Amino acid sequence: MQAFEARLARAHEGALRLRAAIEQRILGQGPVVEQVLWGLIAGGHVLLEGNPGLGKTLLVRTLAASVDLRFSRIQFTPDLMPSDITGTNVLSLDAAGRTGGRFELHQGPIFGQVVLADEINRATPKTQSALLEAMQEHAVTIAGKRHVLDEPFFVLATENPIEMEGTYPLPEAQLDRFLLKIIVPSPDEAALTDILRATTGKPAPDVTPVLTAAEVLELRGLCRDVSVTDPVLAYAARLVTASSPEAPSAPPLTKRALRFGAGVRGAQALILTAKAVALLEGRGHVAFADVARVAPPVLRHRVIRSFEGEAEGISVDRVLAELLETVPPRPEEVERAVREAE
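Keep in mind the model is a prediction, meaning the values are calculated, not measured.

**Some details on the overall build of the protein chain**
Okay, so step 1: What the protein chain contains, in helices and strands, is 15 helices and eleven strands.
Okay, so step 2: A compact globule built from 342 residues would reach a C-alpha radius of gyration of about 20 Å, and the protein chain, at 22 Å, matches this within 12%.
Okay, so step 3: When the backbone C-alpha atoms are referred to their principal axes, the protein chain occupies close to 80 × 50 × 45 Å.
Okay, so step 4: Scored against the burial criterion, the 342 residues of the protein chain give a buried share of 47%.
Okay, so step 5: Counting contacts in the protein chain only where the partners sit at least 6 residues apart, residues at least 24 apart contribute 78% of the total.
Okay, so step 6: Of the roughly 16600 Å² of accessible surface on the protein chain, a fraction of 54% belongs to carbon and sulfur atoms.

**Re the side chain of glutamine 128**
Okay, so step 1: Relative to the helices and strands, glutamine 128 resides in helix 5 (residues 125–137).
Okay, so step 2: The residues touching glutamine 128, leaving out its near neighbours within four places in the chain, are Ile120, Asn121, Ala123, Tyr168, Leu170, Pro171 and Gln174.

**With respect to the pairing of strand 6 (residues 139–142)**
Okay, so step 1: As paired elements, strand 6 and strand 7 (residues 145–148) share four bridges and run antiparallel to each other. In the strand pairing of strand 7, alanine 139 is matched with valine 148.
Okay, so step 2: In this structure, the hairpin formed by strand 6 and strand 7 is closed by a connection of two residues, where alanine 143 is found at a positive phi of approximately 55°.

**Quick notes on the side chain of serine 243**
Okay, so step 1: Along the chain, the position of serine 243 falls in the loop between helix 9 (230–242) and helix 10 (252–257).
Okay, so step 2: Here alanine 262 takes part through its backbone nitrogen, which lies 3.0 Å from a polar atom of the side chain of serine 243.
Okay, so step 3: In this structure, serine 243 is in contact with Thr254, Leu258, Phe260, Gly261, Ala262, Val303 and Leu323, ignoring residues within four places of it in sequence.

**Let's talk about the environment of glycine 53**
Okay, so step 1: Looking at the element boundaries, glycine 53 is found in the loop between strand 1 (46–49) and helix 3 (56–66).
Okay, so step 2: Linking glycine 53 and serine 186, residues 133 residues apart in sequence, is a C-alpha distance of 9.2 Å.

**A closer look at the nonpolar core**
Okay, so step 1: Counting residues in each nonpolar core, the largest one holds 72 residues, and the members touching the most others are Val36, Leu48, Leu63, Leu156, Leu270, Leu279 and Val291.
Okay, so step 2: No other element matches helix 11 (residues 264–280), which puts ten residues into this core.
Okay, so step 3: What leucine 156 contacts, discounting residues up to four positions off in sequence, is Val36, Val46, Leu48, Val60, Leu63, Val114, Val115, Leu116 and Ala117.
Okay, so step 4: Listed in part, the 24 residues of the second largest apolar core include Leu80, Leu131, Phe153 and Val155.

**Some thoughts on the pairing of strand 5 (residues 114–118)**
Okay, so step 1: Strand 5 sits mainly inside the fold: five of its five residues count as buried.
Okay, so step 2: Burial along strand 5 is two-sided: the face carrying Val114, Leu116 and Asp118 and the face carrying Val115 and Ala117 are both buried.
Okay, so step 3: As defined by bridge partners, strand 2 (residues 71–75) adjoins strand 5 across five bridges and the pair is classed as parallel. Looking across to strand 5, one finds that isoleucine 74 is bridged to alanine 117.

**So, the sheet that holds strand 1**
Okay, so step 1: Across the sheet, five strands lie side by side as 2-5-8-1-9; this open sheet has parallel pairing. Of all strands in the sheet, those with a lone pairing partner are strand 2 and strand 9 (180–183), marking the two edges. Across the sheet, the axes of successive neighbouring strands diverge by a mean angle of 20°, strand direction being ignored.
Okay, so step 2: Packing against the sheet, helix 3 makes contact with strand 1, strand 2, strand 5 and strand 8 (154–159), and its axis sits at approximately 170° to strand 5.

**Digging into empty space enclosed by the protein**
Okay, so step 1: Evaluated as defined, the whole model comprises one cavity of 30 Å³ or more.
Okay, so step 2: If you add up the space inside the largest cavity, you get close to 40 Å³.
Okay, so step 3: Residue composition of the lining of the largest cavity, grouped by class: five nonpolar, two polar and one charged.

**Examining unusual backbone geometry**
Okay, so step 1: In this model, glutamate 151 is joined to proline 152 through a cis peptide bond whose omega is -5°.
Okay, so step 2: Notably, glutamate 119 is not glycine yet its phi reads approximately 55°, a positive angle.
Okay, so step 3: Among the structural elements, glutamate 119 can be located in the loop between strand 5 and helix 5.
Okay, so step 4: Positive phi outside glycine occurs at histidine 138, with the angle close to 55°.

**So, the pattern of salt bridges**
Okay, so step 1: Taken as a whole and assessed by the stated rule, the structure comprises 19 salt bridges.
Okay, so step 2: Aspartate 118 is the partner of arginine 73 in a salt bridge, and the nearest nitrogen-oxygen pair spans 2.5 Å. Of this pair, arginine 73 sits in strand 2 while aspartate 118 sits in strand 5, and the two are 45 residues apart along the sequence.
Okay, so step 3: On the accessibility criterion, arginine 73 (38% relative accessible area) is partly exposed.

**Points about the environment of arginine 17**
Okay, so step 1: Mapped onto the elements, arginine 17 comes out in helix 1 (residues 2–25).
Okay, so step 2: For the pair arginine 17 and serine 92, spaced 75 residues apart in the sequence, the C-alpha separation amounts to 45 Å.
Okay, so step 3: Among residues more than four places away in sequence, those in contact with arginine 17 are Val210 and Leu211.

Conventions used here
Along every chain, residues carry numbers that run from 1 in the direction the sequence is written. Local features in this predicted model are restricted to residues whose pLDDT is 70 or higher, and side-chain atom pairs enter the listing and the counts only when it is 80 or higher, whereas totals over whole chains, interfaces and linings include all residues. Processing note: side-chain calculations cover all non-hydrogen atoms of the structure and skip hydrogens and water entirely. Runs of H or I in DSSP of at least four residues are treated as helices and runs of E of at least two as strands, each being numbered from the N terminus. Based on C-alpha atoms, the radius of gyration is set beside the globule rule, defined as 2.2 Å times the residue count to the power 0.38. Using a 1.4 Å probe on the protein chains alone, a residue whose accessible area is under 20% of its type maximum counts as buried, one over 50% counts as exposed, and one in between counts as partly exposed. Contacts were defined at the residue level, with two residues in contact if any of their heavy atoms lie within 4.5 Å. For the accessible areas, the method is Shrake-Rupley and the probe is 1.4 Å, while residue cover comes only from the protein chains on display. At least two bridges found by DSSP between two strands is the condition for calling them paired. For the purposes of these results, a polar contact is taken to be a pair of N or O atoms within 3.5 Å, where, inside protein, one atom must be able to donate a hydrogen and its partner to accept one; residues adjacent in sequence count only when each atom of the pair is a side-chain atom. Nine residue types can take part in a nonpolar core, namely buried Ala, Val, Leu, Ile, Met, Phe, Trp, Tyr and Cys, and a core is a set of them joined through side-chain atoms within 4.5 Å. Each axis is a line fitted through C-alpha atoms, taken for helices only over the stretch in contact, and angles between the N-to-C directions span 0 to 180 degrees. In this analysis, the protein atoms alone were mapped onto a 1 Å grid. Cavities are point sets where a 1.4 Å probe fits without being able to get out; pockets are open sets with protein on both sides within 12 Å along at least five of seven lines; lining residues have an atom within 4 Å of a point. Grid points are joined across faces, edges and corners, and a volume is the space filled by probe spheres set on the points. Gly falls in the polar group here, along with every residue not listed as nonpolar (Ala, Val, Leu, Ile, Met, Phe, Trp, Tyr, Cys, Pro) or charged (Asp, Glu, Lys, Arg). Put simply, a salt bridge is a Lys or Arg side-chain nitrogen that is within 4 Å of an Asp or Glu carboxyl oxygen.

By themselves, these are just geometric observations and shouldn't be taken as functional.
Here it is, written out as structure tokens:
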């Protein structure tokens, strides 16, 4: 137990250093930075949705530099091919310029460790699937040979919500591969003033790494060791069950505005992300509030609105807000969780 607490203290200190390093460069987006770190610690991928110019690319670059990981960027366009992402085998030449009869792999940008998939919905489904396969398997197959990607492997994809012409929206089954969908808001006046002050003067110094790849992997391993009591597990399961409009426990707005609710992977993502929240705050156990806190970014891309919900302009986040209000932890679960934690 003492060994775990010592590891937890080191991990907490390292996570705080990482967050502070990123927020020195990324101003006015504290909640977004925090949620991206949830994804990094939990070992899942992140989908960022926001208007252009809000610092999504800078955030990903800063994260990669802060953890000393290889950064690569894929700019998705309609003519992008799967081999542009994964790489291809090229016939090699000897010193005299003659073919040696040997093929060498020219690695694509997917072989990075922090991969920015910029405007992922602009590529065709065939190209999107090449990225999503690598996200799921942490490996790519080129010419029949499997190539395992270096760990940690972390994909952050972006979507622009205001330009939908000429795009290929991700199917729901593929959206489910992302642990979190994070909404990147526009900064308020005070934050925008700070951004202008920081970005219109002398260039900011280069970001120096505060964590190694091995330390990031240790964070991910420790995240799995964070404890969760059965009542908290039951609460997460009840939330996911109630997100289905066919469930007897579904709130009225869920029944009216949703066509499908979240599934098993959504429930798993709730618990893993809640563990990351606890770790980031230096706790060795998950609380009910952690599950409720992560529910919007975990579930907003895993539920599907009905025609009525879309016609009435009912947002997914509004449905989730009512779900959290209608399905709180039960008093007996809270009492049991306290007893089990003791």
